[in-house]
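Chain by chain, the residues run as shown.
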Amino acid sequence: MTTDETRAGEAGAISRDVVSHVALLARLALSAEELDLMAKDLSTILRHVAVLSEVGGADDTIPSVGREARMAEDSPVPGLQVDQVAAMAPRFLEGQFLIPSVLEDA
Amino acid sequence: MSGDRALDLPIAEASRLLEKGDISARELVDAALDRIAETDHSIHAFLHVDAQTARAAADRVDRARTITNREPRPPLLGFPYGLKDNISIRGMPLTCGSRILEGYTPPYDATAVTRLREAGAIAIGKTNLDEFAMGSSTEFSAYGPTRNPRDITRVPGGSSGGSGAAVAAGQVPFALGSDTGGSVRLPASFCGVVGLKPTYGRISRYGLAAYGSSLDQIGPLARTVDDCAAVYRAIAGLDPFDSTTLEDPVNPGDEDPDDLRGLRIGLPIEYFDRGIAPGVGAAIRACVDRLAGLGAEVEEVSLPHTRFALAAYYVIAPAEASANLARYDGVKYGLSRRECSDVVEMVASTRALGFGPEVKRRIMLGTFALSSGYYDAYYGRAQRVREFVRRDFSHVFERVDVLATPTCPTVAFRLGERLDDPYAMYLADVLTVTVNCAGVPALVVPCGESEGLPVGLQLIGPHLGENTLFRVGRATERVARR
């Protein structure tokens, strides 16, 4: 993103172009109408969120995850069976999920 | 006694009748199913009811009871319950209130469901919610809103509005909800029932559809504090399937609720000056005065970073949501768009079709907050605020045992009133999100009325302070009845 767009975001307003780029990152195919509404709604929300810029504090205040991660016992447990997975999948063939071709002339 | 009358009794009392054989589990389950049939057309608390499986489970309980007297008796033996439809149970559809999970039935049980089954409880159906638990009114369900049983022109709160409404309407003695920023406590307050957001890590999240993983907790809603505590104790504890669960033992609590001598209650000043409706503030203060009459010492305290918490929450929760909901891609389960030319188009168009407006808004907000150039300004600062909020609570719990606050600035608002203004909807959470940011427990107990609608007292405790909350909660019930 450009420096200008970054400043715009920090000020609390968000342009339609930035919204369009974020929708691509989020894998959401939004309509033109949705993009306009989203730019308006996100700008409103970000103006309220801008209060965060008033908070000071050094980097040592960033929280850790919490307690130390605990290791799970290393013992086998039954997992999902292929037929259960196949029953849930929209398209499934010979043990694999089917998706549109990712290679040309595949 | 009929099953219908027994359904309205506290769990401990009805349990004694079951034990003596005065009523059967089948009668209780049939009574719950009848209530749902009579009332749910106007309330719409349930998305799915599995009468056949529930009746079969009740019959098994009744048969087993006549053959053997199991000792110790499972604490919830024979009691029907509802569970929020973002919690997995084998054999019932899981929608999360979203079209994107259309056709999906989970092949496994959530740990909370497994533990309720071990405690003898019978799942009767799935309750309505804001899509993926994102909302404060249950109006953002793809399957239509739930209405508040106290006034069907009002919302039941959200996002566990179906669970709150089902308990308030007497359809079930208790229900499970989930609370990421207030989603158990708002419905409890708006519908006039009891609701618990446990300490983070107290109840396994295994089988709960993830929204904000560092904030999410499953919590019970019930008619009384004792019932809520019984459900909590049945499902809390360490779970190997959730590495964030805590090892600390779950202890019973049996202190006298009529004597609060030695208990210190803090009133955080920041929770009483944020646009609180006068009737709500008055009900809370009147209740706290009565608790003082039982011997509690009451003092004003300060949680100075409260005013930043809502902004921090609405960065952190959407950021986590944007990552958690990336799994809904139309490939492995649920809705999937066909005839797309490439994978990105298939994923993006499936998600556009399957997600509703509030979920899209939060995914976009979270993706934006985590994107290059914005991360430090939003997510980094929000995490810093979260730590300050946590420290505020740590400091204040060195002085007091419990905090008493309103749950929401207002009573239940009207359906449609806040739908066009996302931030107005978010403001309903302004007094609840701090608790999730800090990971501490909070209990909501009905304490009075304003405008003829329930007002819930929010009791906030220190880390693992659930038993203190139950003690003060029981006292609140008693003074509220007087």
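For the structure itself, consult the block above.
Calculation rules
Residues numbered from 1 in each chain as written. Chains lettered and ligands numbered in written order. Predicted model: local features only at pLDDT ≥ 70, side-chain atom pairs only at ≥ 80, totals over all residues. Heavy atoms only, no water. Helix = DSSP H or I, 4+ residues; strand = E, 2+ residues; numbered from the N terminus. Buried < 20%, exposed > 50% of the residue type's maximum accessible area, 1.4 Å probe, protein only. Contact = heavy atoms within 4.5 Å. Core = buried A, V, L, I, M, F, W, Y, C linked by side-chain atoms within 4.5 Å. Pairing = 2+ DSSP bridges. Axes fitted to C-alpha atoms, helices over the stretch in contact; angles between N-to-C directions. Parallel < 35°, antiparallel > 145°, perpendicular 65-115°, else oblique. Left-handed = near helix turned anticlockwise from the far one by under 90°. Nonpolar A, V, L, I, M, F, W, Y, C, P; charged D, E, K, R; others polar. Salt bridge = Lys/Arg side-chain N within 4 Å of Asp/Glu carboxyl O.

A. Structural context of the environment of Gly-135 of chain B. Residues and elements named next belong to chain B. Positionally, Gly-135 belongs in the loop between β3 (122–127) and α6 (161–168). Its relative accessible area of 6% is what places Gly-135 among the buried residues. Discounting residues that sit within four places of it in the chain, Gly-135 has contacts with Asp-130, Phe-140, Gly-158, Ser-159, Ser-183 and Arg-362.

B. Summary view of the nonpolar core. Residue and element names in this part refer to chain B. Residues Leu-116, Phe-132, Phe-174 and Met-364 are the most contacted members of the largest nonpolar core, which totals 176 residues. Other than its neighbours up to four places away in sequence, Leu-116 contacts Leu-76, Tyr-81, Ala-121, Phe-174, Leu-176, Val-231, Ala-234 and Ile-235. In terms of nonpolar packing, the next biggest core, distinct from the first, is built from nine residues, Phe-190, Cys-408, Phe-413 and Met-425 among them.

C. Quick peek at the sheet that holds strand β11 (residues 453–460) of chain B. Residue and element names in this part refer to chain B. Read from one edge to the other, the open sheet built from eleven strands follows the order β1-β3-β2-β4-β6-β5-β10-β11-β9-β7-β8, with strand pairing classed as mixed. At either end of the open sheet lies a strand with only one pairing partner, and these are β1 (46–49) and β8 (297–301). Adjacent strand axes in the sheet meet at a mean angle of 30 degrees, parallel and antiparallel pairs treated alike. Bridging between strand β7 (residues 264–268) and β8 involves five bridges; their strand directions are parallel. Within β8, the residue paired with Leu-267 across the bridge is Glu-300. Taken strand by strand, helix α8 (residues 225–235) contacts β4 (174–179), β5 (194–197), β6 (217–222) and β10 (442–450), and its axis lies near 145 degrees from that of β6.

D. Representation of the packing of α8 of chain B against helix α16 (residues 466–481) of chain B in the model. Residue and element names in this part refer to chain B. Two elements in contact, α8 and α16, have axes whose closest approach is 9 Å; the angle formed by their N-to-C orientations is 160 degrees. The angle between α8 and α16 places the two elements in the roughly antiparallel class. Where α8 crosses over α16, the two elements pack in a sense that is right-handed. Mapping the contact onto sequence places Val-225, Asp-226, Ala-229, Tyr-232 and Arg-233 in α8 and Glu-466, Asn-467, Phe-470, Gly-473, Arg-474 and Glu-477 in α16. Partitioning the contact of α8 with α16 into residue classes produces four nonpolar, two polar and five charged.

E. Highlighting the pattern of salt bridges. For the structure on display, the rule yields 26 salt bridges over all chains. A salt bridge links Asp-59 of chain B to Arg-26 of chain B, with the nearest nitrogen and oxygen atoms 2.9 Å apart. You can see Asp-59 of chain B sitting in helix α4 (residues 51–67) and its partner Arg-26 of chain B sitting in helix α3 (residues 25–43), a full 33 residues away along the chain. Judged by relative accessible area, which is 24%, Asp-59 of chain B ranks as partly exposed. Classification of Arg-26 of chain B by relative accessible area gives partly exposed; the value is 28%. The salt bridge partner of Asp-259 of chain B is Arg-261 of chain B, with a shortest N-O separation of 2.9 Å. Owing to a relative accessible area of 23%, Asp-259 of chain B belongs among the partly exposed residues under this scheme. What you see here is one network of salt bridges that share partners, running through Asp-41 of chain A together with Glu-358, Arg-361 and Arg-362 of chain B.

F. Region of the structure containing unusual backbone geometry. Residue and element names in this part refer to chain B. Omega for the bond connecting Gly-158 with Ser-159 falls within 30 degrees of zero, at 15 degrees, which places this linkage in the cis form. On the secondary structure map, Ser-159 appears in the loop between β3 and α6. The backbone of His-44 shows a phi angle near 60 degrees, a positive value even though the residue is not glycine. Following the sequence through the fold, His-44 ends up in the loop between α3 and β1. Since its relative accessible area comes to 22%, His-44 is described here as partly exposed. Of note, the phi angle at Glu-451 is positive, near 55 degrees, even though the residue is not glycine. Summarising the element assignment, Glu-451 is placed in the loop between β10 and β11.

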